[in-house]
Amino acid sequence: MSDLTYGKQTNRNNLMDPNMSGDELVFFVNGKKIIEKHPDPEMTLLTYLRRKLGLTGSKLGCAEGGCGACTVMLSKYQPHLRRVLHHSVNGCLAPLCSLHHCAVTTVEGIGSVAGKLHPVQERIAKSHGSQCGFCTPGIVMSMYALLRNNPTPCMADIEEAFQGNLCRCTGYRPILEGYKTFTKERRCCGGKGKENGCCMTNGDKTNMYTDEHAYRTSVLPAPLYDPADFQPLDPTQEIIFPPELMSLGKGQSSPQLRFRGERVLWLQPASLEQLLDLKTQYPNAKMVVGNTEVGIEMKFKNLLYPVILAPAYIPELNTVQHTDEGIVFGASCSLTLLGDVLKAAVGELPPHQTEVFAAVLEQLRWFAGLQIRNVAAIGGNIMTASPISDLNPVFMAAGCKLTLMSKGGERVVVMDEKFFPGYRRTILTPEEVLLCVLIPYTKKGQYFAAYKQSPRREDDISIVTSGMSVTFAEGSSVVKHLALSYGGMAATTVLAKNTASRLLGKQWKEELLQDACSSLAEEMTLHPSAPGGMVTYRRTLTLSLFYKFYLTVQQKLASEGVYKDVVRADYISATEIYHHKSPSSVQIFQAVPDGQKEEDVVGRPMMHLSAMKQATGEAVYCDDIPLYENELYLCLITSTKAHAHILSIDTSEAESMPGVVSCVFAKDIPGSNMTGPAVYDETVLADDMVTCVGHIIGAVVADTQAHAQRAAKAVRITYQELQPVIITIQDAITHQSFFQPVRTIQRGDLDQGFTQADHILEGEMHMGGQEHFYLETNVTVAVPKGEDGEMELFVSTQSATKTQSLVAKALGVPASRVVVRVKRMGGGFGGKESRSTTLSTVVAVAAYRLKRPVRCMLDRDEDMLVTGGRHPFYGRYKVGFMKSGKVVALEVTYYNNAGNSMDLSLSIMERALFHMENSYSIANIRGRGYMCKTHLPSNTAFRGFGGPQGMLIAESWMSDMALSLGLPAEQVRRLNMYSQGERTPYSQILEHITLDRCWDECLEISQVNQRRAGIEQYNRKHRWTKRGLAVVPTKFGISYTALFLNQAGALVHIYTDGSVLLTHGGTEMGQGLHTKMVQVASRTLGIPGSKIHITETSTNTVPNTSPTAASASSDLNGAAVHNACEILLHRLEPYKTKNPNGCWEDWVRAAYFDRVSLSANGFYKTPDLGYDFETNTGRPFNYFTYGVACSEVEIDCLTGSHKNIHTSIVMDVGNSLNPALDIGQVEGGFMQGVGLYTLEELKYSPQGYLFTRGPGMYKIPAFGDIPTDLTVSLLRDAPNDKAIFSSKAVGEPPLFLAASVFFAIKDAITAARKESGLSGPFRLDSPATPERIRNTCEDRFTKLCPPAEPGTFTPWAVVV
Ligand SMILES: Cc1cc2nc3c(=O)[nH]c(=O)nc-3n(C[C@H](O)[C@H](O)[C@H](O)COP(=O)(O)OP(=O)(O)OC[C@H]3O[C@@H](n4cnc5c(N)ncnc54)[C@H](O)[C@@H]3O)c2cc1C
Ligand code: FES
Ligand code: FES
């Protein structure tokens, strides 16, 4: 007997016996059989892989199925289909216990650097699709699973496969570009196809570059990578499904299983009868199929389900039956299966029968990501009874029939408004289960549509979702039956019954529309404080979506000859469903000069040095470090009040819980409890007072993460709440709650400027903050060394030195006893510059006190709650300008929401002021900046560091000015742009300015004039969709504004075998700094990069380092590396001279035997820097990085959604050290900016509670958000004499260029407003979300849903 028949399996009676012991779980991982004797029902597959099997390639990014970092492939044998199904799934949601007889493939299972990379791994690495690499294993596995099912996919398949994957670094373009080589359309021959090499690099260049401009201007350089290097995909080489599982699947029915954990019993019945028995025995047992809802409830809502029933394998719940009425789906059928079956039916049946099917398919297109749809069940969606379910409104409007079953019998109910008696409730009795769902065919004369509106198109939950059905009396347009069902408008899915009955018997024409709208406006109403907020928008959507349905039906009636009038041509775009066009792109950069030696890698598009390891999962991130023996896990205890005294802390329950070792509070800190990166104005652990929700009060330390997290939730804290609670900038202004100083920059004579001006315009704007959403959350492992107070910390931080000094301060030991090591980060973006230090300090204090290694990796929700983000800004401006558009005076006041401590807010405000004029020359100017002290977690550095806020407000008055003058915005911008030799408001003279060149090239690449003409024509022909365009420049000052930080060190060792160990002060967070430093060292030493190695950044090699920030790390560390290498070269010179024909190794050995030191320190400080705010003198910046972007968008005026149609970016990065990395920074920064200005919205309650604490509610751009047509050009022939090898800094400057998308949206809204007779400047705050876009496109529908009077209600969320 094979051990896979499991002698230890339960029989039916055992399953019913609560006292029986558990079964063994048997599954395969990467071809290896795993027998787990004690599987914990609460453990996820991801935890098991990482902690039990040591397979750390799969990453934890969110634990809620929203980022895809944990993606693995799950394979199951399907006996009825006689084939193995491969699916991508989220390891973070898949319960370990659900894997019996499954095979799991992880990123480690498909290839390795030491062995051979799988083509999927190789192509993402070589196409520069991996920066920090934290998302890479998940993306690799999504692609791998797709290719296992379909070795020749098309681009649409790839885009679908990536709907559930996020990347915060790359901007997605290189990933898609690299994987395009697997598609039918652009399949690469792998260097085998043509005589002269690869099909993609020889002759047929249209495969790579689609932009004609590149040919016209003959600037096409060598490509960023050569697909000829790619290995071909050979599906026959894939690891096979374990034959044991296959034979078992053929031979047996589904096994019955029982797994018992610490708190939860998992029961997997083998038959329907057994399930119904168990449901009678355990009426409160939770059924789990995909676990995509229950998993979230247990993890984030702290719900415990002591008994779980897993009906996934019961045949009756998995069958699909075609009947006369429609198609019946078993409740456990996955959404992927649902989609496949419906797609086939739509293809085969007459269209009039499949209107509902098509509508379900349209909803499924935007339902979660593929990983979720692969496991989530149709029954799970219904039974969750979520008010924003995407399927329930369709099922309700379609009148789907549900079969419910219990031991007592079966009943069939129609899904109507009675099915959901309340929030997340259904009419099922506790003993009942949902057996199946009948989705009916439609009949002739019936029309059906479904709509979903969400902040982001892909993988997002709905704001409003809807199913609409109308049936007409035969051959007429008289309404016989109407069902309008909405989600997002009440605590349950609802039917607009009054409206429907009011419209019965009416003709489907304008009068009906008017009736419907006024009735819906009354019926689908919401209280202004309704949970979810966006009340006006949601109400308007109910009308707008109905209007779309109205037009769609009208169009169908017209096409069938029932309706005489055709729909107006300019209205038709309102009826079109969104079609995604696969993106195309061009990258332009300067090739290295002729004659540059082959081995000189500077200026070449060299791949990120860790990219291969990142793609195979071998790259080690902080939490991938194997567990230390005796290691403990720490979980933070945080405040639930924004402003309060702590009255008591009760840890008794927590301390009695399993695995708990200790709790840590302020009194346990041996040194100082005061901390902060610039001033010590915050506590490591709150003593008696909390000043924000999320304020760290203490920590629980336990043997495992699960135990620590459970115990932390059991700590009881009582508070005395204090007043005032200051949350928003407006609150702070009211209470005059500001940090000091108030900064001012002033030049010229403002009064004179305003007197001289022909026009004066005043306005204001708010710009929201931004969550960093680095894919790897904050993590620290602290290891006490046992003597002299020594402590070693492995940290994901941009500031090794700051971490070292603040930890030493808290421990009360000299900094020399603390070593901080940073191997790499899974993204930083400023979020790990200062806010990471508090977590590191708490972990270090716990480790110090308990004398044991302690680890903590924050969960995504904790990280978002605790660590702060980009500062929200509010700006008021008064601008004076001439008729020509020339600005002569500007007065601007900025307020930023600093949160509860200073952190870096002053420097951030200073940078906002340094960028208040963006790229425009203004003779008379004054900017003033206030830092608002509020009861929010302290806000901090984020790529751009105040610049993107300062400049957005500048572009806002610029665009309003152009609008008020009726002049083209491009003309006004160009007129005001700086020229060579002009002075900035802070008196710095601009030298080597390339703004004009960037501007002209950008206009040319994007063919602005033709584009503008095209847009005008489009807008004339389309009433309900509008296009817009904007060209925006940027000038970004390079240097830390804190003078002392403009220094760097490096340490270079040459070993006697000639290998070189390089260390410098910068940290690697994906930006490719280490790669660039190797390039610098390689050129300076004149040796191949392969001889140079960087292991980590550490405080015991290069001390007193500045944070890796301000875009200046390549400049500073590059110069320090260069300095160290020059010193060494100088020492080697005599041996080179003596032995000119020798090689590197010969010279190194000779020097060693001659007793010459082969180790050198390098140092660099930026010369001629320093600025004085008092006197407005000096030079704050070493130089400026310039860039210009042109973007075109299309908005849907009825829903507020937008499409990014085109973007061209021209960026001056000097002589690029590495065009691949620099283009990666440009594209990645740009997409982060797209998120900032159009999508990402933090929602706080008026009491300071953050609602948006994970990818479910906080949306960063996804694959589908990149411009359909994207060109990035690095300005050629623009060397910069102020930085290493004539390069320029690139990390932060491109982010602001995404403002071109924001202002293109504003341009499109202007066109929409014109249709309603509105003209002139209007306020559009950032981000330009669908809600803001829709509300600003005022029309007949918005008028029916006026907003409630401010001050008459308490909103659900406030603008902070
Ligand atoms: C990242 C992410 C994105 C999502 N996106 C969307 C989205 O776009 N739109 C949307 O509508 N939802 C979305 N969801 C919600 C969720 O995925 C769906 O509701 C899904 O269909 C639930 O199915 P499941 O099998 O995973 O449910 P489970 O979590 O296994 O179960 C959910 C509930 O259904 C009950 N249940 C399951 N089967 C039965 C049965 N046969 N009889 C009685 N009760 C049963 C369970 O007891 C439980 O209460 C998303 C979830 C995640 C995590
Ligand atoms: S960690 Fe699983 S989806 Fe984010
Ligand atoms: S490379 Fe994708 S998140 Fe960093």
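Source: prediction; values computed, not measured. (Residues numbered from 1 in each chain as written. Chains lettered and ligands numbered in written order. Predicted model: local features only at pLDDT ≥ 70, side-chain atom pairs only at ≥ 80, totals over all residues. Heavy atoms only, no water.)

S.K.: Pulling in residues and values, what's your account of the overall build of the protein?
M.R.: Helix and strand content of the protein: 38 helices and 47 strands. By the compact-globule yardstick of 34 Å for 1360 residues, the protein fits well, its C-alpha radius of gyration being 31 Å. Projecting the C-alpha coordinates of the protein onto the three principal axes gives extents of approximately 95 × 80 × 80 Å. Burial analysis of the protein (1360 residues in total) assigns 66% to the buried set. Counted over contacts in the protein with a minimum sequence separation of 6, partners at least 24 positions apart contribute 77%. Of the roughly 46,600 Å² of accessible surface on the protein, 51% is carried by carbon and sulfur atoms. Charged side chains of the protein number 131 positive and 137 negative; the gap between the two group centres comes to 1 Å. (Helix = DSSP H or I, 4+ residues; strand = E, 2+ residues; numbered from the N terminus. Rg over C-alpha atoms; globule rule 2.2 N^0.38 Å. Buried < 20%, exposed > 50% of the residue type's maximum accessible area, 1.4 Å probe, protein only. Contact = heavy atoms within 4.5 Å. Areas by Shrake-Rupley, 256 points an atom, 1.4 Å probe, with all protein chains shown as cover. Lys, Arg positive; Asp, Glu negative; His and termini not counted. Charge placed at Lys NZ, Arg CZ, Asp CG, Glu CD.)

S.K.: Account for the confidence of the model for the protein, naming residues and giving values.
M.R.: Overall, the prediction assigns the protein a mean pLDDT of 94, with 96% of residues at 70 or greater. Confidence drops under a pLDDT of 50 for residues 1-7, and excluding neighbours within four residues, the segment shows 16 contacts in the predicted structure. For the stretch residues 191-218, pLDDT sits under 50, and the model shows 61 contacts to residues farther than four places along the chain or on other chains. (pLDDT = per-residue confidence, 0-100.)

S.K.: Go over the nonpolar core, please, and point to the residues and values.
M.R.: Residues Y179, Y486, W508, F546 and L634 are the most contacted members of the largest nonpolar core, which totals 326 residues. In terms of residues, this core owes the most to one element, helix 18 (residues 535-559), which gives 13 residues. Apart from the residues lying within four places of it in its own chain, the contact partners of L634 are A699, V700, V701, A708, V842, V843, A846, V854, R855 and C856. Counting residues in each nonpolar core, the second largest holds 49 residues, with I382, A385, F395 and M415 among its members. (Core = buried A, V, L, I, M, F, W, Y, C linked by side-chain atoms within 4.5 Å.)

S.K.: Tell me about the site of ligand 1, and name the residues and values.
M.R.: Around ligand 1 there are 31 residues in total, and M287, V289, G290, T292 and D390 lie nearest to it. Here a nitrogen atom of ligand 1 sits 2.6 Å away from a polar atom, N or O, in the side chain of D390. K452 places a polar side-chain atom, nitrogen or oxygen, 3.0 Å from an oxygen atom of ligand 1. Look at ligand 1: alone it shows 990 Å² of surface, and the protein chains cover 93% of it. Listed by contribution, the elements that provide at least two residues to the shell around ligand 1 are strand 8 (286-287), helix 14 (378-384) and strand 14 (433-440). Element by element, the count of residues in the shell around ligand 1 is highest for helix 14, at 4 residues. (Near = heavy atom within 4 Å. Polar contact = N/O pair within 3.5 Å; in protein donor to acceptor, adjacent residues only side chain to side chain.)

S.K.: Can you tell me about the packing of helix 11 (residues 335-348) against helix 12 (residues 355-365), naming the residues and giving the values?
M.R.: Taken N-terminus to C-terminus, the directions of helix 11 and helix 12 make an angle of 140°; their axes are 9 Å apart at the nearest point. On the basis of their axis angle, the class for helix 11 and helix 12 is oblique. Relative to helix 12, the crossing made by helix 11 is left-handed. The segment helix 11 lies against helix 12, with L335, L338, G339, L342, K343, A345 and V346 engaging F357, A358, V360, L361 and L364. Residues belonging to the contact of helix 11 with helix 12 are distributed by class as follows: 10 nonpolar, 1 polar and 1 charged. (Axes fitted to C-alpha atoms, helices over the stretch in contact; angles between N-to-C directions. Parallel < 35°, antiparallel > 145°, perpendicular 65-115°, else oblique. Left-handed = near helix turned anticlockwise from the far one by under 90°. Nonpolar A, V, L, I, M, F, W, Y, C, P; charged D, E, K, R; others polar.)

S.K.: Help me get a handle on the environment of A377, residues and values and all.
M.R.: Secondary-structure assignment places A377 in the loop between helix 13 (370-373) and helix 14. What makes A377 buried here is its relative accessible area of 5%. Separated by 67 residues in sequence, A377 and K444 have C-alpha atoms that sit 30 Å apart. Other than its neighbours up to four places away in sequence, A377 contacts V289, A331, S332, C333, S334 and L335.

S.K.: Any chance you could break down the sheet that holds strand 11 (residues 326-330) for me, citing the residues and the numbers?
M.R.: Judged by pairing direction, the sheet is antiparallel, and its 5 strands sit side by side in the order 10-11-14-12-13 without closing on themselves. The open sheet has two edge strands, strand 10 (320-322) and strand 13 (409-414), and neither has a second partner. Taking the axes of each pair of neighbouring strands and ignoring which way they run, one obtains an average angle of 20° across the sheet. Sheet topology note: the strand 12 (residues 401-406)/strand 13 ladder contains 6 bridges and is antiparallel. (Pairing = 2+ DSSP bridges.)

S.K.: Can you tell me about the sheet that holds strand 41 (residues 1097-1098), naming the residues and giving the values?
M.R.: Reading across from one edge, 22-26-20-33-30-31-32-41 is the order of the 8 strands in this open sheet, with mixed pairing throughout. Each having just a single partner strand, strand 22 (660-664) and strand 41 make up the two edges of the open sheet. Bridge analysis of strand 30 (residues 779-784) against strand 31 (residues 791-795) gives 5 bridges, and the strand direction is antiparallel. Bridged to A782 within strand 31 is L793. Against the sheet, helix 21 (residues 705-713) contacts strand 20 (632-638), strand 22, strand 26 (696-702) and strand 33 (854-857), and its axis sits at roughly 20° relative to strand 20.

S.K.: How would you sum up the pattern of salt bridges? Please name residues and give values.
M.R.: Throughout the structure, instances matching the rule amount to 66 salt bridges. Of the charged contacts in the structure, one is a salt bridge between R50 and D623, with a shortest N-O distance of 3.2 Å. In this pair, R50 is assigned in helix 2 (residues 45-52) and D623 in the loop between helix 19 (611-616) and strand 20, connecting sequence segments 573 residues apart. Of the two residues, R50 and D623, neither departs from the other in class, the shared state being buried. Salt-bridge contacts for R424 lead to E293; the nearest nitrogen and oxygen are separated by 3.2 Å. Of this pair, R424 sits in the loop between strand 13 and strand 14 while E293 sits in the loop between strand 8 and helix 10 (294-300), and the two are 131 residues apart along the sequence. A relative accessible area of 27% means that R424 is categorised as partly exposed. When its relative accessible area of 25% is taken as the criterion, E293 is described as partly exposed. (Salt bridge = Lys/Arg side-chain N within 4 Å of Asp/Glu carboxyl O.)

S.K.: Go over the side chain of N381 with me, naming the residues and quoting the values.
M.R.: Topologically, N381 is positioned in helix 14. Among residues more than four places away in sequence, those in contact with N381 are F367, S389, D390, L391 and N392.

S.K.: Describe the packing of aromatic side chains, naming the residues involved and giving the relevant values.
M.R.: With the rule as written, the count across this model stands at 43 aromatic pairs. Considering the side-chain rings of F27 and Y48, the 5.8 Å spacing of their centres and the 55° angle between planes classify their relative orientation as tilted. Separated by 21 residues along the polypeptide, F27 in strand 1 (residues 25-29) and Y48 in helix 2 bring together distant segments of the chain. On the basis of relative accessibility, which here comes to 0%, the residue F27 falls in the buried class. Each ring, one from F1251 and one from W1356, has its centre 4.0 Å from the other, and the planes form 10°; the classification is stacked. One end of the pair, F1251, is in the loop between helix 35 (1219-1238) and strand 47 (1269-1274); the other, W1356, is in the segment after helix 38 (1340-1343), and 105 residues separate them in sequence. Here the aromatic cluster, defined as three or more aromatic residues joined through ring pairs, consists of Y447, F472, W508, F546, Y547, F549, Y550, Y571, W1024 and F1341. Between the NZ or CZ atom of R457 and the centre of the ring of Y578, over which it lies, the distance is 3.6 Å. The side chain of K832 reaches across the aromatic face of Y774, ending 4.6 Å from its centre. (Phe/Tyr/Trp six-rings, centres within 6.5 Å; stacked < 30°, edge-to-face > 60°. Lys NZ or Arg CZ within 6 Å of the ring centre and 35° of its normal.)

S.K.: How would you summarise the packing of helix 33 (residues 1113-1138) against helix 34 (residues 1144-1153) if you had to cite specific residues and measurements?
M.R.: The relative placement of two packed helices comes down to the angle between their axes together with the axis-to-axis distance. In the contact formed by helix 33 and helix 34, the axes pass within 9 Å of each other and the chain directions differ by 110°. Here helix 34 runs roughly perpendicular to helix 33, going by the angle between their axes. The two elements helix 33 and helix 34 cross, and the hand of that crossing is right-handed. Residue-level contacts link L1132, Y1135 and K1136 of helix 33 to W1144, W1147, V1148, A1150 and A1151 of helix 34.

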